[in-house]
Amino acid sequence: MGAPQNRQSRYNPPSHPGLKLGKERPIRHAKEHLPPKEPTDVSVGMGLLCGFAYAAVFQISFYAATLYGSAPQPENRFARWQLMEHAALPAPDGHPSIYALALSRFETPEHLIQRLPLYLAAIVFLAAATLAGDLLRHWIGPEDSGRGLRRWIVAFGLGMGAASLLVQLLGLAGLLGRVPLSIVMALVVTGWVVWWRRRPSPPADRSSDQLAADRPSTIERWALSLLVAPFVLLGLLAAALPTMDYDALAYHLLGPKEYFLAGRISYLPHNVYTSFPFLTEMWSLAGMSLFGDWFLGGLFGQIVIATFGLAGGLAVGVLAEDLFGERIGWWSAAIYLSTPWIYRLSVHPYVEGPLLFYGVLTLLASLEGRMGRWRWALVSGLLAGFAVGCKYTGVVFVGLPAFVVLVAMRDGRLACRLGAIFVGGMLLSAGPWFLRNLLWTGNPVYPLLFELFGVGEWTAADAEKFSKGHRPGNYQVGSLIQSAREVLIESDWQSALVFAFAPLAFLHRDRRKALSLWLLVLGLFGAFWLLTHRLDRFWLPLEPFAVVLAGVGMCWSARLNWKLVAWLSFSVAVFYNLAYCTTPLVGLPYYTADIHEARLRGQGTAIQLVNSPEFVAPDETVLFVGLAAVYNALPDARYNTVFDRNLLEKLVRDPDGDGLRPTEEIRQAFEEEGIDVVLVDWSWIELYRSAGNYGFPDFVTPKVFQELTSRGMLRPVQTPLGPASPIQVYRVTDGPLIGRDSER
C-alpha cells in the first residue's frame, strides 16, 4: 500500500506551542519516538486464547444468523450457513450449486462487446478527472502527497469531485453536450502532460524502520490480491447492467435523465430528491452527454460509481498502513473489498460508495493537517465538501469528525487557523450545491431546515411530512439494541470478518490508536441512531473504520497459530461472501447478458405497459399516479415523488373543497400539461399508506377515477393485466389529442 511508513505513528501530534503553519516538521519529544511496549509471552498467550474464542463464537453466530432478504415470508428464509452449504454442492432437488450457476452466466461472452464503448469512455473520463486532480493537488502542494499510491488516491478524489462541479456548471449554463466535455478533457490531459514534462525531480522516499512482522510477504500480497480480485471484476461487470433499484430509478438516474432531455439543469419541483446535492449523479449526466443517449449514459455512470469500491479499498489500505503498518494496510483493504456491502454499492448507482471513499480520504488528510500542515487541512476541507456533495449527511458523518481530528488538542491559535482553512475548503467544494438551492428555492439546504429558511414549493404540511419520514422513530433501548444487532450481524450484506476481529484490535501493541478508531466508530453509530431514520445505508460511514480495526485484529500477532486463524477466517469469509454476491440477493448477476434484453427484463409491469406502442405512442405523455420510479419510461413522463405535491390532486381537485373542479377546468389543466394517458399503481399507493410508511394523499381514491370516467374525461384501457390488477390505465378522451385515433 505505497511506501512503508514508520511503525510508530506518523500522526503523534506535536505539542510544541510555537509550531507555525508551513512545511516545518513538528518538534517531537524523545519519548514519542519510543515504540509501544511489546507484550509478554504470558499476555500474548492469553490474547491468543481469548481472541480465538471470541472470533470463533462470533463467526459461528454470524453464519447461523438468518438472511432476512432471502424470502419475503419469514418461514421461507434461510440462514447464512445454508447458503454456504449450497455454494459448492448441488441442492437436494438437483438445482446446481451457487458457484456452478455463477460460472454458467459466462456462457455468452460475445455480449461483452456491447460494454466495450462504455468501459473505454469510463476509462478516459476517470483518467482525465484523475489527471485534473493531480494538477489540483500539485497546485495546492500538500507535503508528502507527490509519491506512490497516496498521490493518485488524493488526485482521484479531488479530480472526480471537481469533474462533478464542472458538469453542474455546464448544465446550469445549458452547455451540456459531447463537444464541451471533450474539449475540457483534452485540455486537462494536455495541461498535465506539459506539467509532467517540466516537473521537478520527486523527493527521496522516506526511510522506514518497520519491523519485518509489519510487512506482508510477497506470497501474502499475491494471495490477498487474487482472493479479492473476483469481487472487483464481477462488480465492474454487474455495474454495466441496467439497475432495478427503486432509488436509482426514482432519482439517482431519473434526475440526470430529465436534465439531459431538457438540455440543461433546472429546478424540478416534482422531485424533491433532485434538490439534494447531486455530485455522483453528475457523472451519469456526463455519460448521457458524451453518448447522446440517456440509457447508455446511465450505464456509464454506474460503471464510474463502481470504481469507487476499488478506490475505497485502496484508501482504506493507505489509512491503515499509515496508522499501523503495511501488513495491516493490505489486510484492511482485502477485508473491505470482499465485504458484500461494498460489492452492493458497486453494482447499484448509490451515493454511499463515493461517500465512504471521501470519508476515509478526508480523515487521512485531517491526520496530516493536524501536524500543522495547512495545505493538508485545505485538502481535507475540499474532500469533506465532496462528501457533502454525495449526501447531506456527509456534514455529520465526514465533515464533523474530520474537523474534530484536525483541531482537537491543538494550540488555540493553530486550531483556529486549521479549522478556518478546513471550513473554507469545505464551503468551496460543497458551496455550489448550496448556492444552487438558494437560487432555486431560497433555502440553501432545501428541503432541510424549512423552519429556518422556508419550504420552497411545499406547504408546511409537506415539509413536516418529509421531516417525519426522515427522523428516528423512537429512542428506546430496545431500538438501540436492534440497530446494534443489525450493524454487527443481521445486515445481510455485512462481512463476518468486520466485528469478529475489530474488538481484537485492542490486543495490538498500539492500543491508543485502536481506542481512537473505536471512539470514531461508536460516534458514527451514535449519529446514525440519533439523527437519521435508520435505514441500513445510513450507518455505512462507520464501516471503513471498523474494517481498519478488523485488519488490526487479524494481524495483531505474528505467531503462526494466529496467522492460521486469520487465514482460515478470511478464506471462509471469501468463500461465503463471493457466493452470496453472485446471487440476485445482492445485485443482478447476469454478467455477460445482452444489455438490451436485460433492459427489457428489468422493467416493471407498469413501465412495460407504457413502453408498448399498443397502449401508448412514443410521442405521448403519461401521468403516473403512485409510481415515481419512471426512469425506464420511453414516453414523456409526468410524476411526483411521495413527498411532493400530488400532480393528479393539483390538476383535478377543487381548491375550495374536497370535490373535483369543473370538467372544463380539468380538461384545460390536462391540455396545459399535455397529458394523454394516466397510469395509476394502487400497489404503491397502498404501500405508502401502510403503517409506518410515508403516507399518501387521502384525496386519491378509486372514486376520483370513477367520477372522471363518468364525466367523459377518462376512458379505461383494457390491458392484459385485467380489471383486478392494481395497475390501471386510462386514456384522456378529450384534450390535446382530438382527432387522433381514440380507440388505440
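Residues numbered from 1 in each chain as written. Predicted model: local features only at pLDDT ≥ 70, side-chain atom pairs only at ≥ 80, totals over all residues. Heavy atoms only, no water.

Turning to the overall build of the protein chain, a few remarks are in order. Within the protein chain one finds 30 helices and 5 strands. In summary, the protein chain has a C-alpha radius of gyration of 27 Å against a globular reference of 27 Å for 744 residues, a match within 12%. C-alpha extents for the protein chain along the principal axes are approximately 90 × 65 × 55 Å. Across the 744 residues that make up the protein chain, the buried fraction comes to 57%. Intrachain contacts of the protein chain at a sequence separation of at least 6 include 75% that bridge at least 24 residues. Taken as a whole, the protein chain presents about 30,800 Å² of accessible surface, with 64% of it coming from carbon and sulfur. Computed over 62 positive and 61 negative side-chain charges, the separation of the two mean positions in the protein chain equals 12 Å. (Helix = DSSP H or I, 4+ residues; strand = E, 2+ residues; numbered from the N terminus. Rg over C-alpha atoms; globule rule 2.2 N^0.38 Å. Buried < 20%, exposed > 50% of the residue type's maximum accessible area, 1.4 Å probe, protein only. Contact = heavy atoms within 4.5 Å. Areas by Shrake-Rupley, 256 points an atom, 1.4 Å probe, with all protein chains shown as cover. Lys, Arg positive; Asp, Glu negative; His and termini not counted. Charge placed at Lys NZ, Arg CZ, Asp CG, Glu CD.)

The next subject is the packing of helix α15 (residues 374–390) against helix α17 (residues 412–441). At their nearest, the axes of α15 and α17 sit 7 Å apart, and the two run at 30° to each other. Relative to α17, α15 is oriented roughly parallel. In this structure, α15 meets α17 at a crossing whose hand is right-handed. Counted together, Trp374, Ala377, Leu378, Ser380, Gly381, Leu382, Ala384, Gly385, Phe386, Val388 and Gly389 of α15 and Leu418, Ile421, Phe422, Gly425, Met426, Leu428, Ser429, Ala430, Trp433 and Phe434 of α17 form the full contact between these two elements. Its residues assigned to classes, the contact of α15 with α17 shows 15 nonpolar, 6 polar and no charged. (Axes fitted to C-alpha atoms, helices over the stretch in contact; angles between N-to-C directions. Parallel < 35°, antiparallel > 145°, perpendicular 65-115°, else oblique. Left-handed = near helix turned anticlockwise from the far one by under 90°. Nonpolar A, V, L, I, M, F, W, Y, C, P; charged D, E, K, R; others polar.)

For the rest of this paragraph, the subject is the sheet that holds strand β1 (residues 621–625). The strand order across the open sheet formed by 5 strands is β2-β1-β3-β5-β4, and the pairing between neighbours is mixed. Edge strands, defined here as strands with exactly one partner in the open sheet, are β2 (636–638) and β4 (714–717). Here the strands of the sheet are splayed against their neighbours by 30° on average, with no regard to which way each runs. As judged from the 4 bridges shared by β1 and strand β3 (residues 677–681), these two strands associate in the parallel manner. (Pairing = 2+ DSSP bridges.)

Let's shift gears to the pattern of salt bridges. A full pass over the atoms with the stated rule returns 22 salt bridges. The closest approach of N and O atoms between Asp134 and Arg137, which form a salt bridge, is 2.9 Å. Of this pair, Asp134 and Arg137 both sit in helix α4 (residues 116–140), 3 residues apart, which is roughly one turn of that helix. Residue class for Asp134 comes out buried when judged on its relative accessible area of 0%. Classification of Arg137 by relative accessible area gives buried; the value is 6%. Arg667 serves as the salt-bridge partner of Glu664, at 2.7 Å between the closest nitrogen and oxygen. With Glu664 and Arg667 both in helix α28 (residues 663–673) and 3 residues apart, this pair spans about one turn of that helix. On the basis of relative accessible area, Glu664 is assigned to the exposed category, the value being 55%. On the accessibility criterion, Arg667 (11% relative accessible area) is buried. What you see here is one network of salt bridges that share partners, running through Arg150, Asp322, Glu368 and Arg373. (Salt bridge = Lys/Arg side-chain N within 4 Å of Asp/Glu carboxyl O.)

In the structure shown here, the tally under the stated rule is 46 aromatic pairs. The positively charged end of Arg344 is found above the aromatic ring belonging to Trp493, 4.2 Å away from the centroid. Above the plane of the ring of Tyr350 lies Arg537, whose end atom (NZ or CZ) is 4.0 Å from the centre. (Phe/Tyr/Trp six-rings, centres within 6.5 Å; stacked < 30°, edge-to-face > 60°. Lys NZ or Arg CZ within 6 Å of the ring centre and 35° of its normal.)

Here we take up the packing of helix α14 (residues 352–369) against helix α16 (residues 394–407). Relative orientation of the contacting elements α14 and α16 amounts to 15°, with a least axis distance of 8 Å. Accordingly, the angle class assigned to the pair α14 and α16 is roughly parallel. As for the relative orientation of α14 and α16, their crossing is right-handed in sense. Judged by residue contacts, Leu355, Tyr358, Gly359, Thr362, Leu363, Ser366, Leu367 and Gly369 of α14 engage Gly394, Val398, Ala402, Val405 and Leu406 from α16.

Across the 5 residues that make up β3, a large majority, 5, are buried. Taking every second residue as pointing to the same face, both faces of β3 are buried, with Val677, Leu679 and Asp681 on one and Val678 and Val680 on the other. The sheet contact formed by β3 and strand β5 (residues 727–732) spans 5 bridges and is antiparallel. Across the sheet, Val678 pairs through a bridge with Tyr730, a residue of β5.

A word on the environment of Glu620. Among the secondary structure elements, Glu620 is positioned in the loop between α26 (605–610) and β1. The exposure class assigned to Glu620 is buried, which follows from its relative accessible area of 0%. Considered as a pair, Glu620 and Val677 are 57 residues apart in the sequence and their alpha carbons are 7.7 Å apart. At 2.9 Å, the side chain of Glu620 forms a polar contact with the backbone nitrogen of Ala617. (Polar contact = N/O pair within 3.5 Å; in protein donor to acceptor, adjacent residues only side chain to side chain.)

This part takes up the side chain of Asn632. Tracing the sequence through the fold places Asn632 in the loop between β1 and β2. Sequence-distant contacts of Asn632, that is, excluding residues within four places in its chain, are made with Leu249, Trp294, Gln603, Ile607 and Asn611.

The subject of this paragraph is unusual backbone geometry. Cis geometry is adopted by the peptide bond preceding Pro447, which originates at Tyr446 and carries an omega value of 5°. Along the chain, the position of Pro447 falls in the loop between α17 and α18 (450–453). With phi around 60°, Met409 is a residue other than glycine that occupies positive phi space. Here Met409 is to be found in the loop between α16 and α17. For Leu449, which is not a glycine, the phi torsion comes out positive at approximately 50°. The exposure class of Leu449 is partly exposed, given its relative accessible area of 48%.

The next thing to look at is the environment of Leu535. Within the secondary structure, Leu535 sits in the loop between α22 (511–531) and α23 (543–554). Along the sequence, Leu535 and Pro472 sit 63 residues apart, while their C-alpha atoms lie 9.8 Å from each other.

Turning next to α15. Given a rise of 1.5 Å per residue, 17 residues ought to cover 24 Å, and the 25 Å separating the end C-alpha atoms of α15 matches this to within 8%. In terms of burial, α15 is largely enclosed, as 16 of its 17 residues are buried. (Expected span 1.5 Å × (residues − 1).)

A contiguous nonpolar surface patch, about 390 Å² in accessible area, is contributed by Ile113, Leu116, Leu120 and Ile123. With respect to the helices, strands and loops of the structure, Ile113 is situated in the loop between α3 (98–104) and α4. (Patch = residues over 30% accessible without salt bridge, like charges linked within 9 Å, V, L, I, M, F, W, Y side chains within 5 Å.)

With that out of the way, let us pick up the nonpolar core. In summary, soluble globular proteins display a tendency toward joint burial of nonpolar side chains. Among the nonpolar cores identified, the biggest contains 225 residues, and Met160, Tyr358, Phe624 and Val652 are the most heavily contacted of them. Apart from the residues lying within four places of it in its own chain, the contact partners of Val652 are Gly659, Leu660, Arg661, Ile666, Phe670, Phe699, Val704 and Leu708. (Core = buried A, V, L, I, M, F, W, Y, C linked by side-chain atoms within 4.5 Å.)

With that out of the way, let us pick up the confidence of the model for the protein chain. Taken as a whole, the protein chain shows an average pLDDT of 89; of its residues, 91% reach a score of 70 or greater. Ignoring residues within four places in sequence, the model shows residues 2–35, a span with pLDDT below 50, making 85 contacts including any to other chains. Low confidence marks residues 735–744, where pLDDT is under 50. Its contacts with residues over four positions away, or in another chain, come to 19 contacts. (pLDDT = per-residue confidence, 0-100.)

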